[in-house]
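Coordinate analysis (summary)
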Amino acid sequence: MSKIAFIYPGQGAQKCGMGADFYENSASVRKLFDEAGEQLGLDMKALCFEENDLLDQTEYTQAAMVTTCLAMTEVLMERGVKPDITAGLSLGEYAAISVAGGLEPIDAIRLVRKRGILMQHTVPAGEGAMCAILGLDAEKIEAVTAEIEGVSVANYNCPGQIVITGEAKAVDEAGNALKEAGARRVLPLKVSGPFHSPMMQPAGEELAKVFAGVSMNPLKLPYVANINAEVVTDCGKIEGLLVAQVSGSVRWQQSVETMIREGADTFVEIGPGKTLTGFLRKIDKNVKAYHIGSWEEAVSVCEELKQK
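Residues numbered from 1 in each chain as written. Predicted model: local features only at pLDDT ≥ 70, side-chain atom pairs only at ≥ 80, totals over all residues. Heavy atoms only, no water.

Time to look at the overall build of the protein. For the protein, the helix and strand inventory stands at 13 helices and 10 strands. Expected size for 308 residues packed as a compact globule is a radius of gyration near 19 Å; at 18 Å, the protein falls within 12% of this value. Its C-alpha atoms give the protein principal-axis dimensions of roughly 55 × 45 × 40 Å. Long-range pairs, those at least 24 residues apart, make up 73% of the contacts in the protein between residues at least 6 apart in sequence. Carbon and sulfur atoms provide 47% of the accessible area of the protein, an area that totals close to 13,300 Å². (Helix = DSSP H or I, 4+ residues; strand = E, 2+ residues; numbered from the N terminus. Rg over C-alpha atoms; globule rule 2.2 N^0.38 Å. Contact = heavy atoms within 4.5 Å. Areas by Shrake-Rupley, 256 points an atom, 1.4 Å probe, with all protein chains shown as cover.)

This paragraph deals with the sheet that holds strand β4 (residues 151-158). If you trace the 4 strands from one edge of the open sheet to the other, you get β4-β5-β3-β6, paired in antiparallel fashion. Of all strands in the sheet, those with a lone pairing partner are β4 and β6 (185-188), marking the two edges. Taken over all neighbouring pairs, the strand axes of this sheet differ in orientation by 25 degrees on average, direction set aside. The pairing of strand β3 (residues 128-134) with β6 spans 4 bridges and is antiparallel. Pairing of Ile-133 across the sheet is with Val-186, part of β6. In the packing of helix α7 (residues 138-146) onto the sheet, the strands contacted are β3, β4 and β5 (161-167), and the crossing angle to β4 comes to about 170 degrees. Contacts from helix α8 (residues 168-180) reach β3, β4, β5 and β6 within the one sheet, and its direction differs from that of β5 by about 145 degrees. (Pairing = 2+ DSSP bridges. Axes fitted to C-alpha atoms, helices over the stretch in contact; angles between N-to-C directions.)

Tracing the backbone shows Glu-35 in helix α2 (residues 27-40). Judged by relative accessible area, Glu-35 falls into the partly exposed class, the value being 30%. Remark: the alpha-carbon pair of Glu-35 and Ile-106, spanning 71 residues in sequence, is separated by 7.7 Å. (Buried < 20%, exposed > 50% of the residue type's maximum accessible area, 1.4 Å probe, protein only.)

Take a look at the structure:
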């Protein structure tokens, strides 16, 4: 039997205007955006819909992205398109958990607001860096980074694309070494910190304290965790997995492979950008991929999936 996976992008996919057409067309979307803004003391509509300098700042990006992704998902659910399993890349894991039933939407948004603040301010600007390594397999990258102190793998995105992270000098040294080892390209990323590196461990420790005030719900659906690419069905494991994820590697390729083994053959990327859809094509060309980033796409995809 065909299974549908809902997948959610991480930081970097955000763009001005995201979710605006959903807000115009859906009462439930308006309710979520308005409630998120009230809870956080932010003008969420202005942050997401209007040109501004805040949307690309980590402490604002994360809440804006999760609000948008969850709002878009509301529309799919109302139209009868529901997932059998969920996953999200880094920040997107919070949306995935909420849709799986583990977190109330507002709690997920409040958590990522705190997470964004912690991640932005834990490491002083300029001390950390991240680079995308293209055209080199994981084993070679792991071998090179293992020889250089202060650098590690942040993201296993898809075959031929892995991101490294850590101390700025170490990342630069590793980038040069990886070019010599045969990498096709080494691309420095425009980020505000060395995300998913041991340098972010203090942020994870502080995030653990925030979880003390949040209730986890029993999961209604399984989701796949970034840190180990394993299926999660026990809500008691969520906090530990999310805390570890802040300073640990995101195993996205492996997470997709897990969902496929679990029977997922239709993937719906929900949110701005088509990053995950691009990764999916490189991981397994045999699965069906859809993207929903606009109201028009939501309507057409829902119609197609309901006919199956």
